[in-house]
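Listed here are the chains, written in short residue letters.
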Amino acid sequence: MKQSGRPIRSNKCPAERKCGGCQYLDLSYAEQLKKKQKTVEKLLKSYGRVNQIIGMEEPEHYRNKVHAVFDFQKGRGIVSGIYQEGTHHVVPVEECLLEDRRADAIIGSIRQLAKSFKLKAYDEDTGYGLLRHVLVRVGHATGQIMVVLVLGSPILPSKKNFVNALCKLHPEITTILLNVNNKQTSMVLGEKEQVLYGKGYIEDVLCGRTFRISSKSFYQVNAVQTEKLYGKALEYAALTGRETVIDAYCGIGTIGLAAAGHVKKMIGVELNQAAMRDAVVNARCNGIRNADFYQNDAGRFMVQLTESGQKVDVVFMDPPRSGSTEAFLDAVLRLRPARIVYISCNPETLARDLQYLTRGGTLRRESGKSGGKAGYQVAEMTPVDMFPFTDEIEMVCLLKSR
Ligand code: SAH
């Protein structure tokens, strides 16, 4: 959670002063988009054309993944909300401008049930108590809803009654999981997990494909804008059906499987085992036979690929906020695909990686040339507003081999 440092005066949210999740609450949506456009132009214009940012028609309640932490507060009893920035003090939140309304209502009911079932909030300092976090994921297109109760120990008293009561209040819930996290950690989910109700995962439909989403898999939080983002990425890839394509940092395979119908061969690589397994299942469920997924570090995988002599036509890459690595980028420069479609959630690391790719990385140093053919050219870039009211910016960028 970040703090903007600006005076806060929107009155749009009772928690705004302490939460720090929204930086742009005091700006109209049009002003927010303008500001983001300016920021990316300043950072990236020197690499190529920046198109107009793609905004949302209805920019509120877009988050389909909602997390809350439980706490016991004197005078209030059990509360749930978010950590105040830089502290472990819990700011109670009942409703959030960004979060899916169904998720907020479910979390409210869990607070009520916790009181009637006499469940205690977990105390991070002493390790006493039970209820630690709750995570709710909503399938935007399917309406399927997953609730993950994160507990400090594996025993939920009156488990059956609790699950029945919650499902009765919210028949829209399709699966409930119990996750155990008894470690001193800032991670929400622990390793052990047990399905209390339903299938243990939800599905969503994106770009005409059905995706299975587990509790721990990465899945974009704004489904409406994700379709626009991937639509742009596919347009940039300009696939004809003859290409061999890499989907690097592929998560549950969303980009690769959306593109698989337009390529000869799709190869996905992802570090997280649960996400990679979801990708394999997703390929099967969508009847896709030309996609293979590997669990590996993307950089290491790409280096192995260059050594194997594999020919690659297009690389999609969608790294985490920290951006890519020199090992990965050097391998891409060696593989020399005609196009690279770089999706980024952090324009600063994108700028760093674009500089590397346009200069030709270590290839340039090895050949002693001054950039020239070794480097790629940025053809165009489009910002997509995936996170209204915050200062987060998502970009999709097309690079072409010179
Ligand atoms: N393309 C996917 C996921 C993007 S998020 C989508 O749009 O849904 C970035 C993904 O990179 C996450 O799934 C994360 O687990 C994965 N990741 C992080 N570091 C990685 C690495 N070194 N190698 C491969 N994957 C990595």
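Located above this text is the structure these notes cover.
None of these values were measured; they are calculated from a predicted model.

Student: What am I meant to see in empty space enclosed by the protein here?
Tutor: A water-sized probe rolled over the atoms picks out the places where empty space is left. Going through the model one piece at a time under the given rule, you end up with 2 cavities of 30 Å³ or more. The space that makes up the second largest cavity amounts to roughly 30 Å³. Lining of the second largest cavity is provided by N64, K65, R137, V138, I202, I213 and Y219. Class assignment for the residues of the lining of the second largest cavity results in 4 nonpolar, 1 polar and 2 charged.

Student: For this particular structure, what's the right way to read the sheet that holds strand β6 (residues 145-151)?
Tutor: One open sheet accounts for 7 strands, arranged β4-β3-β2-β5-β6-β7-β8; its pairing is mixed. Looking at the sheet topology across the chains shown, the edges are occupied by β4 (90-92) and β8 (192-197). With strand direction ignored, the average angle separating the axes of adjacent strands in the sheet is 35°. Pairing of β6 with strand β7 (residues 173-180), which is carried by 7 bridges, proceeds in the parallel orientation. Opposite I145, over in β7, you have I173 as the bridge partner. Packing against the sheet, helix α3 (residues 101-116) makes contact with β2 (65-73), β3 (77-83), β5 (131-138), β6 and β7, and its axis sits at approximately 150° to β5.

Student: Please explain the environment of L44 as it appears in this structure.
Tutor: Note on placement: L44 falls in helix α2 (residues 29-44). Placed 239 residues apart in sequence, L44 and A283 show a C-alpha to C-alpha distance of 35 Å. Dropping the residues within four chain positions of it, L44 is found in contact with V50, P347, L350, A351, L354, M381 and M395.

Student: How should I be thinking about the layout of surface pockets in this particular structure?
Tutor: Space inside the second largest pocket adds up to approximately 480 Å³. If you trace the second largest pocket, you find 23 residues lining it, with D71, F72, A121, Y122 and D123 closest to the centre. At the level of elements, β2, β3, α3 and β5 are the ones that each hand at least two residues to the lining of the second largest pocket. In terms of residues, the lining of the second largest pocket owes the most to one element, β2, which gives 4 residues. When its residues are assigned to classes, the lining of the second largest pocket shows 12 nonpolar, 3 polar and 8 charged.

How each quantity is defined
Residues numbered from 1 in each chain as written. Predicted model: local features only at pLDDT ≥ 70, side-chain atom pairs only at ≥ 80, totals over all residues. Heavy atoms only, no water. 1 Å grid on protein atoms, 1.4 Å probe; cavity = no way out; pocket = protein on both sides within 12 Å on 5 of 7 lines; lining within 4 Å. Points joined across faces, edges and corners; volume = space filled by probe spheres on them. Nonpolar A, V, L, I, M, F, W, Y, C, P; charged D, E, K, R; others polar. Pairing = 2+ DSSP bridges. Helix = DSSP H or I, 4+ residues; strand = E, 2+ residues; numbered from the N terminus. Axes fitted to C-alpha atoms, helices over the stretch in contact; angles between N-to-C directions. Contact = heavy atoms within 4.5 Å.

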